[in-house]
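# Commentary on secondary and tertiary structure
Listed below are the residues making up each chain.
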Amino acid sequence: MTTSTTAGYQATALTNHYEFTEGSGYTLPEYPFVPPAELQGGPMVRHPIVIVGGGITGLTMACSLARLGVRAVLIDEDNTVGVKGASSRGICYTQKSLEIFERLGIYERIASKGVQWSVGRTFAGDDEVYSFDLRQQGNFHLSSQPPFINIQQFYIEGYLVERIQQLGVVELRWQNRLTGFEQDGECATLTVETPDGTYRMQAEHVIDATGSHSPLRKWLAVPFDSRRGDDRWCIADVRFTTRPPAERHTWIEAPFNENRAVWQHLMGDDVWRIDYQMAPNADPEYVSREEVVRERLARQFGPGVEVEIIWVGPYAYRSECVHAMRHGHVFLMGDSAKVVSPFGARGGNTGVADADNLAWKLAAVLRGKADASLLDSYHDERLEAAQQNVNVTNRTARFLRPADGAERLFRDAAIGLARRYPFARSLINTGRMAVANPYSRSRVCTYLPGGAAGQSVQNVPFHWADGTTGDVNDLLNWAAGDLLLLAFGDLGTTARQRLRRLAEETPVRCVQVVTADAPAQAMEHVRDPKGHLQGACHVFGHAWALVRPDGYLAATGETIDAGLVAAISRALGLPGDLQS
């Protein structure tokens with residue numbers, strides 16, 4: 001049993017752990033406090049799912065559950081989205097996150113407000129030493145969503161709130177602060193403080209999306225690895241009179257910043273995020289003063305630059321990663337589970353993917369379509385992703401702030417070679433851009449020789465039977481939380497019979513995928529004239545792909561036989577194989 005209580009409800013701090021915040025330019029929405037039913041007395045209510053934390057991770061989780069028709073309660077200590085003080089926090093959202101947001105019904109709003117980009121340029125001094133165009137890379141260019149969109153995080157959170165309210169399945173409780181927690185083998189009990197008093201409720205499953213200062217992680221004494229460096233940075237969110245190019249520009253050694261690193265990104269509302277690397281002993285309060293920030297901007301853009309400062313704030317990097325993603329009834333996700341340096345957009349996007357991973361599994365278990373052991377695979381898959389992202393960002397941090405000795409020699413040599421030779425440009429590490437993390441050690445994936453289990457499927461287009469265009473997300477939405485079996489090529493009589501039986505007896509929706517002119521043997525079929533759907537599933541010729549509701553492959557194979565049946569059983573966490 002672990003508890004923590006306070007006397008009287010206190011509003012959240014202005015900056016919520018962001019020090020020396022200043023600026024203006026945004027009006028965040030405010031949501032009303034509605035007294036929960038538990039405050040009226042009566043027996044304690046047990047909820048199937050309680051989500052703690054209304055940031056981008058918790059709201060993605062809530063929206064994912066609402067889309068699947070699963071009831072839950074979300075509590076948040078604040079009455080708004082974002083961070084009070086108008087911090088924009090995360091700004092860069094990956095193709096995988098955008099695909100998830102498209103399934104949730106908010107992508108079009110994000111695309112309309114945000115800024116798409118695919119070109120990145122890296123400079124050392126005045127020399128461009130590395131550049132890329134993500135649309136030219138095969139792992140980005142086929143999806144219906146772009147490689148990246150830059151948009152202030154609070155916009156996405158606000159869109160999620162409105163979508164959850166529209167779906168009407170998940171209850172959002174604002175100004176409800178978790179102050180106590182205990183759990184036993186049956187359930188968890190939460191103590192919640194509100195402006196109208198304190199109440200208790202029970203939960204079968206608790207989602208900890210409270211962020212890097214998670215009280216649950218502290219109360220549960222969750223073991224984790226941690227690393228903190230002396231790298232110091234200062235953010236300036238500004239609006240220019242004259243607009244720079246809409247590209248990601250990075251300086252490893254910026255002449256206008258004492259040869260330290262600088263990032264330059266465009267967001268929504270014509271606001272630019274400029275990140276300046278500071279000296280390790282820099283005073284956070286001093287570097288955040290408006291006059292100091294304006295001097296820094298004038299050195300970069302010229303003495304006549306005209307800017308409106310929207311927000312300024314210093315920060316330091318640290319990395320943390322828990323040893324386990326589940327502790328009894330509690331699932332850790334987002335920054336509660338891991339903290340990474342913001343290189344390559346691997347922070348908030350990881351939380352979005354955490355939520356997408358767990359939501360369909362909880363839905364399947366609560367509906368009785370999967371075994372409860374399926375939930376343990378959340379740890380397998382998302383801990384692997386967290387560890388990958390921590391390792392990748394730590395390597396970038398060491399490149400940008402190398403230790404004296406071998407690390408600095410390597411960086412200097414890499415920059416020198418990259419200035420002259422194209423082959424060395426891949427050694428420049430200013431942030432390996434985030435992609436969908438593969439799962440190589442999941443207990444619910446079937447890793448067959450030559451198969452592609454654990455890989456993400458891009459949201460590629462195809463043609464419906466009537467000739468209209470659809471995409472993978474349309475199929476996942478149609479499957480409504482069930483597994484999706486795509487059978488490519490001609491189907492014999494035996495294969496059709498087996499597919500028909502699987503569709504009748506298991507939570508699997510079966511679709512035949514044929515080429516432009518080939519005859520279809522199944523009523524549910526689509527056409528893949530360019531082979532994009534087959535390529536996205538990493539299979540060739542006559543084959544099948546078992547796609548999960550989160551757009552990941554549970555298994556791939558060539559023959560519709562007992563191996564497929566076993567893969568379905570494993571994907572649902574069922575003890576033993578289904579009967580073929």
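Residues numbered from 1 in each chain as written. Predicted model: local features only at pLDDT ≥ 70, side-chain atom pairs only at ≥ 80, totals over all residues. Heavy atoms only, no water.

### Observations regarding the overall build of the protein chain
- Within the protein chain, the secondary structure is distributed over 14 helices and 27 strands.
- What you see for the protein chain is a C-alpha radius of gyration of 25 Å, in line with the 25 Å of a compact globule of 580 residues.
- Across its three principal axes, the protein chain shows a C-alpha extent of roughly 75 × 70 × 45 Å.
- Taking all 580 residues of the protein chain together, 57% fall into the buried category.
- Considering only intrachain contacts with a sequence separation of at least 6, the fraction spanning at least 24 residues in the protein chain is 72%.
- Of the roughly 23,300 Å² that the protein chain leaves accessible, carbon and sulfur atoms contribute 48%.
- Of the charged side chains in the protein chain, 57 are positive and 67 negative; the average position of the first set lies 3 Å away from that of the second. (Helix = DSSP H or I, 4+ residues; strand = E, 2+ residues; numbered from the N terminus. Rg over C-alpha atoms; globule rule 2.2 N^0.38 Å. Buried < 20%, exposed > 50% of the residue type's maximum accessible area, 1.4 Å probe, protein only. Contact = heavy atoms within 4.5 Å. Areas by Shrake-Rupley, 256 points an atom, 1.4 Å probe, with all protein chains shown as cover. Lys, Arg positive; Asp, Glu negative; His and termini not counted. Charge placed at Lys NZ, Arg CZ, Asp CG, Glu CD.)

### Some details on the sheet that holds strand E22 (residues 469-471)
- Spatial strand order, E22-E21-E25-E24-E23-E26-E27: 7 strands in an open sheet with mixed pairing. Sheet topology places E22 and strand E27 (553-557) at the edges, where each strand pairs with a single neighbour. Across the sheet, the axes of successive neighbouring strands diverge by a mean angle of 30 degrees, strand direction being ignored.
- Relative to strand E25 (residues 525-527), strand E24 (residues 508-514) runs parallel, the two sharing 3 bridges. Of the residues in E25, the one forming a bridge with Val513 is Val526. (Pairing = 2+ DSSP bridges. Axes fitted to C-alpha atoms, helices over the stretch in contact; angles between N-to-C directions.)

### Looking at the packing of helix H1 (residues 56-67) against helix H8 (residues 348-366)
- Remark: H1 packs on H8, axes separated minimally by 8 Å, with the N-to-C direction vectors making an angle of 30 degrees. The orientation of H1 with respect to H8, classified from their angle, is roughly parallel. For the pair H1 and H8, the crossing hand works out as right-handed. The residues of H8 that touch H1, namely those facing Ile56, Thr57, Thr60, Met61, Ser64 and Leu65, are Gly348, Gly351, Val352, Ala355, Leu358, Ala359 and Leu362.
- Its residues placed into classes, the contact of H1 with H8 shows 8 nonpolar, 5 polar and no charged. (Parallel < 35°, antiparallel > 145°, perpendicular 65-115°, else oblique. Left-handed = near helix turned anticlockwise from the far one by under 90°. Nonpolar A, V, L, I, M, F, W, Y, C, P; charged D, E, K, R; others polar.)

### Looking at the pairing of strand E15 (residues 260-266)
- For E15, a buried count of 6 out of 7 residues is recorded, marking the element as mostly surrounded by other parts of the structure.
- With 4 bridges connecting them, strand E14 (residues 248-254) and E15 associate as antiparallel partners. Each residue of the ladder has a partner; that of Thr250, found in E15, is Trp263.
- Connecting E14 to the next strand, E15, in antiparallel fashion are 5 residues, including Glu258 with a positive phi near 55 degrees.
- As paired strands, E15 and strand E16 (residues 271-278) are joined by 5 bridges and run antiparallel to one another.

### A word on the sheet that holds strand E6 (residues 119-124)
- In space, the 8 strands of this open sheet follow the order E7-E6-E14-E15-E16-E13-E17-E20, with mixed pairing throughout. Looking at the sheet topology across the chains shown, the edges are occupied by strand E7 (127-133) and strand E20 (338-339).
- Those strands touched by helix H7 (residues 290-301) are strand E13 (224-240), E14, E15, E16 and strand E17 (307-322), and its axis lies near 100 degrees from that of E16.

### So, the side chain of His47
- If you trace the backbone, His47 turns up in strand E2 (residues 46-52).
- Here the side chain of His47 touches Glu38 through a polar contact of 3.1 Å, side chain to side chain.
- Sequence-distant contacts of His47, defined by excluding residues within four places in its chain, comprise Glu38, Val73, Arg173, Met201, Gln202, Ala203 and Glu204. (Polar contact = N/O pair within 3.5 Å; in protein donor to acceptor, adjacent residues only side chain to side chain.)

### A few points about the pairing of strand E10 (residues 177-183)
- The element E10 is largely enclosed, with a buried count of 6 among its 7 residues.
- Pairing of E10 with strand E11 (residues 188-194), which is carried by 6 bridges, proceeds in the antiparallel orientation. From the neighbouring strand, Arg177 faces E11, where its bridge partner is Glu193.

### What to know about helix H9 (residues 377-400)
- Compared with an ideal rise of 1.5 Å per residue, which puts 24 residues at 34 Å, H9 spans 35 Å between its outermost C-alpha atoms and is within 8% of the ideal.
- Of all 24 residues in H9, 18 are buried, a share of seventy percent or more. (Expected span 1.5 Å × (residues − 1).)

### Things to note about the packing of aromatic side chains
- Scanning the entire structure with this criterion turns up 12 aromatic pairs.
- When the ring of Phe154 is compared with that of Tyr155, the centres are 4.9 Å apart and the planes differ by 45 degrees; the resulting orientation is tilted.
- Since its relative accessible area comes to 6%, Phe154 is described here as buried.
- Given a relative accessible area of 19%, Tyr155 falls into the buried group. (Phe/Tyr/Trp six-rings, centres within 6.5 Å; stacked < 30°, edge-to-face > 60°.)

### Focus: the environment of Val161
- Checked against the element boundaries, Val161 lands in helix H4 (residues 153-167).
- Between the C-alpha atom of Val161 and that of Ala62, which follows or precedes it by 99 residues, the distance is 9.0 Å.
- Here Val161 is in contact with Tyr31, Leu59, Val81, Leu172 and Trp174, once residues within four sequence places are set aside.

### Quick word on the pattern of salt bridges
- Tallied over the full model, the rule gives 27 salt bridges.
- Across the pair Glu186 and Arg46 runs a salt bridge, and its minimum N-O distance is 3.0 Å. One end of the pair, Glu186, is in the loop between E10 and E11; the other, Arg46, is in strand E2, and 140 residues separate them in sequence.
- A relative accessible area of 52% means that Glu186 is categorised as exposed.
- A relative accessible area of 36% places Arg46 in the partly exposed class.
- Between Arg177 and Glu193 there is a salt bridge, with the nearest N and O atoms lying 3.5 Å from each other. One end of the pair, Arg177, is in strand E10; the other, Glu193, is in strand E11, and 16 residues separate them in sequence. (Salt bridge = Lys/Arg side-chain N within 4 Å of Asp/Glu carboxyl O.)

### Some thoughts on a nonpolar patch on the surface
- Residues Phe410, Leu417, Tyr421, Phe423 and Leu427 make up a contiguous nonpolar surface patch of roughly 480 Å² in combined accessible area.
- Positionally, Leu427 belongs in the loop between helix H10 (406-420) and strand E21 (461-464).
- Here Leu427 falls in the partly exposed class, since its relative accessible area comes to 35%. (Patch = residues over 30% accessible without salt bridge, like charges linked within 9 Å, V, L, I, M, F, W, Y side chains within 5 Å.)

### As for the confidence of the model for the protein chain
- Residues at a pLDDT of 70 or more form 91% of the protein chain, whose mean pLDDT is 88.
- Contacts for the low-pLDDT stretch residues 1-7, under 50 throughout, to residues beyond four places or in other chains number 15 contacts.
- Ignoring residues within four places in sequence, the model shows residues 14-23, a span with pLDDT below 50, making 30 contacts including any to other chains. (pLDDT = per-residue confidence, 0-100.)

### Focus on H7
- Helix length check: H7, at 12 residues, gives a terminal C-alpha distance of 16 Å against a target of 16 Å (1.5 Å per residue), a fit within 8%.
- Inspection of H7 places Val292, Val293, Arg296, Leu297 and Gln300 among the buried residues, and these make up the whole buried set. Taken end-on, H7 shows its buried residues confined to a sector of 135 degrees, consistent with a single buried face.
- Against the buried residues of H7 lie E13, E14, E15, E16, helix H6 (284-287) and E17. (Arc of directions from axis to C-beta.)

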